[in-house]
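Take a look at the letters that make up each chain.
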Amino acid sequence: NASAVIVTLCKIPDYFAYAFAENLFENLFKNISNTDNKSYVAEALLKTRRYFMEEHNNPLGLAYTLYAINEAYV
């Protein structure tokens, strides 16, 4: 069973989906150095959405939505 799913609310171009996923996974896994650290999916998604708005002035990241149990983490 999945504890978190990230979906889009509209069709996203492949090039953007790739860049978004790459940045999302970087944010999700960069703080995990040992088994005690938790990386929250919602925080990684927020950082990624914010990155594309602030750095690239691209609102497509806002189409990504998280459906998850409370405080889902990796």
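Everything below is about the structure printed above this text.
Quantities reported herein were computed from a predicted structural model and do not represent experimental measurements.

Chemist: Explain the overall build of the protein chain here, please?
Modeler: For the protein chain, the helix and strand inventory stands at 2 helices and 2 strands. A globule of 74 residues ought to have a C-alpha radius of gyration of about 11 Å, and the protein chain, at 13 Å, matches this closely. Here the C-alpha coordinates of the protein chain stretch approximately 35 × 25 × 15 Å along the principal axes. The buried share of the protein chain, taken over its 74 residues, is 24%. Across the protein chain, the fraction of contacts at a sequence separation of at least 24, relative to all contacts at a separation of at least 6, is 72%. When the accessible surface of the protein chain is summed, it comes to about 5,400 Å², and 52% of that surface belongs to carbon and sulfur atoms.

Chemist: How should I be thinking about a nonpolar patch on the surface in this particular structure?
Modeler: Together, Val5, Val7, Leu9 and Tyr67 give the surface a local cluster of nonpolar side chains, amounting to about 370 Å² of exposed area. Relative to the helices and strands, Tyr67 is located in strand S2 (residues 64-68).

Chemist: For this particular structure, what's the right way to read the side chain of Asn23?
Modeler: If you trace the backbone, Asn23 turns up in helix H1 (residues 14-29). On the basis of relative accessibility, which here comes to 13%, the residue Asn23 falls in the buried class. Within the structure, the side chain of Asn23 is placed 2.9 Å from the side chain of Asn27, a separation counted as a polar contact. Every residue in contact with Asn23, bar those within four places of it in the chain, is listed here: Thr48, Tyr51 and Phe52.

Chemist: Explain the environment of Thr8 to me, please; I cannot follow it from the model alone.
Modeler: Assignment of secondary structure puts Thr8 in strand S1 (residues 4-8). For Thr8 and Leu62, which are 54 residues apart along the polypeptide, the C-alpha to C-alpha distance reads 8.6 Å. With sequence-adjacent residues up to four places away left out, Thr8 is seen in contact with Ala63 and Tyr64. A polar contact is formed between the side chain of Thr8 and the backbone oxygen of Cys10, at a distance of 3.0 Å.

Parameters and conventions
Residues numbered from 1 in each chain as written. Predicted model: local features only at pLDDT ≥ 70, side-chain atom pairs only at ≥ 80, totals over all residues. Heavy atoms only, no water. Helix = DSSP H or I, 4+ residues; strand = E, 2+ residues; numbered from the N terminus. Rg over C-alpha atoms; globule rule 2.2 N^0.38 Å. Buried < 20%, exposed > 50% of the residue type's maximum accessible area, 1.4 Å probe, protein only. Contact = heavy atoms within 4.5 Å. Areas by Shrake-Rupley, 256 points an atom, 1.4 Å probe, with all protein chains shown as cover. Patch = residues over 30% accessible without salt bridge, like charges linked within 9 Å, V, L, I, M, F, W, Y side chains within 5 Å. Salt bridge = Lys/Arg side-chain N within 4 Å of Asp/Glu carboxyl O. Polar contact = N/O pair within 3.5 Å; in protein donor to acceptor, adjacent residues only side chain to side chain.

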